[in-house]
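One-letter residues, chain by chain:
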Amino acid sequence: MQEYISKQVQILRPAEQIYQVISRFDNLTPALQGRVEDWEATELTCSFKAKGFTIRLLMDERVEPKHVKIIGDGIPMDFAFWVQLHKVDTNDTRMRLVLHAELNMMMKMMIGSKLQQALDQIADGISGALR
């Protein structure tokens, strides 16, 4: 399994407050509805379409206020996605994203660097939305 780690971003909010947002898919509905095709979410699951395929995600593990682990549900690619929070001070939290994905050599060569770039962009997007 390959590992991709985003850059670390600073969010000037308490880790507990950030965790409350990222630990529930339904909290993401206002930000994603209309931007993602067929977005549906509950507290622990979400689904949407990407390039014609339905993607289903499941909150697999939640440790307040440190991290959430998200896995694919019924997706042909085996992966786990972590959002990690590190409390530096009361209103200073560092966040990074970690993706573990099972990619064959051809897929790794084709999309490996794009996954890295995407993780950095997602980290920037989350930090920007939570400011």
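Placed above this text is the structure.
We now turn to the structure provided with this report.

What follows deals with the pattern of salt bridges. For the structure on display, the rule yields eight salt bridges. Here arginine 24 ties to aspartate 26 by a salt bridge, and the two come within 2.6 Å at their closest N and O atoms. Taking the relative accessible area as the measure of exposure, aspartate 26 reaches 25% and is therefore partly exposed. One salt bridge connects lysine 69 with aspartate 60, and the closest N-O pair in it is separated by 3.6 Å. Judged by relative accessible area, which is 18%, lysine 69 ranks as buried. By relative accessible area, which is 39% here, aspartate 60 ends up partly exposed. Here the salt bridges do not stand alone but share partners, grouping Arg24, Asp26, Glu43 and Arg62 into one network.

This part covers the layout of surface pockets. Taken as a whole, the largest pocket holds about 1,700 Å³ of empty space. Surrounding the largest pocket, 44 residues form its lining, Phe48, Ile55, Leu57, Phe81 and Ile122 being those nearest its centre. Put simply, the parts of the chain that give the lining of the largest pocket at least two residues each are helix H1 (15-22), helix H2 (29-32), strand E3 (37-41), strand E4 (45-50), strand E5 (53-63), strand E7 (79-89) and helix H3 (105-129). Sort the elements by how many residues they give to the lining of the largest pocket and H3 lands first, with 10 residues. Tallied by class, the residues present in the lining of the largest pocket amount to 34 nonpolar, four polar and six charged.

Right, let's talk about the environment of leucine 99 for a bit. Along the chain, leucine 99 turns up in strand E8 (residues 92-101). In this structure leucine 99 comes out as buried when scored by relative accessible area, which is 8%. Sequence separation between leucine 99 and arginine 24 is 75 residues; the distance between their C-alpha atoms is 18 Å.

Parameters and conventions
- Residues numbered from 1 in each chain as written.
- Predicted model: local features only at pLDDT ≥ 70, side-chain atom pairs only at ≥ 80, totals over all residues.
- Heavy atoms only, no water.
- Salt bridge = Lys/Arg side-chain N within 4 Å of Asp/Glu carboxyl O.
- Buried < 20%, exposed > 50% of the residue type's maximum accessible area, 1.4 Å probe, protein only.
- 1 Å grid on protein atoms, 1.4 Å probe; cavity = no way out; pocket = protein on both sides within 12 Å on 5 of 7 lines; lining within 4 Å.
- Points joined across faces, edges and corners; volume = space filled by probe spheres on them.
- Helix = DSSP H or I, 4+ residues; strand = E, 2+ residues; numbered from the N terminus.
- Nonpolar A, V, L, I, M, F, W, Y, C, P; charged D, E, K, R; others polar.

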